[in-house]
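What follows is each chain in one-letter form.
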Amino acid sequence: PTLESLARQVDASGDELIIPLLDARRMEVYSAVFDSGYSQIRETRAEVIESGSYEAYLYKSKVFFLGDGAKKTKAAIDHPNAVFLPSRYPSSREAAVLAEARYQQKDFEDLAYFEPFYLKDFIAGKPKKYF
């Protein structure tokens, strides 16, 4: 999972939280919430960033926001517990660690029946005219 591999770029401890964010255009991001042990404590979702976004987490502890969606989040959220790391991107280094762990657990996908998980439905639009 891309958000989990992104979360593993933060060395958090104690009660700190990690929220990896991928830009989903406009003011929307794809996000999930992880604790300092990298356990996912909130499901992955597409959401619009507003000034009150993630407020419940920010009042409890320090929260690391990272990924290309962190820049737009920083523009909307001003809280002393918020730490923004917008220059972090998904990396094969963390993805390889996750893949190895799943391999060791014999956690394989059946490619004949595998379906990708998309958070939003694809809606085709009219092609742009460039000339």
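Quick caveat, the model's predicted, so the values are computed rather than measured.

(A) Looking closely at unusual backbone geometry. The backbone of Arg 26 shows a phi angle near 50°, a positive value even though the residue is not glycine. Note on placement: Arg 26 falls in the loop between strand 1 (17-23) and strand 2 (28-35). The phi torsion at Lys 106 lies on the positive side, around 55°, for a residue other than glycine. With respect to the secondary-structure elements, Lys 106 resides in the segment after helix 4 (92-104). On the basis of relative accessible area, Lys 106 is assigned to the exposed category, the value being 64%.

(B) Focus on the nonpolar core. In terms of nonpolar packing, the biggest core is built from 15 residues, with Ile 19, Leu 21, Tyr 54, Tyr 57, Leu 58, Val 63 and Phe 65 touching the most fellow members. Examining the composition of this core, we find that 3 residues originate from one element, strand 1, more than from any other. Not counting chain neighbours up to four residues away, the residues in contact with Leu 58 comprise Ser 53, Val 63, Phe 65, Ile 77, His 79, Asn 81 and Ala 82. The next biggest cluster of nonpolar side chains, apart from the first, holds 13 residues, and it includes Leu 6, Ala 12, Leu 66 and Leu 85.

Parameters and conventions
Residues numbered from 1 in each chain as written. Predicted model: local features only at pLDDT ≥ 70, side-chain atom pairs only at ≥ 80, totals over all residues. Heavy atoms only, no water. Helix = DSSP H or I, 4+ residues; strand = E, 2+ residues; numbered from the N terminus. Buried < 20%, exposed > 50% of the residue type's maximum accessible area, 1.4 Å probe, protein only. Core = buried A, V, L, I, M, F, W, Y, C linked by side-chain atoms within 4.5 Å. Contact = heavy atoms within 4.5 Å.

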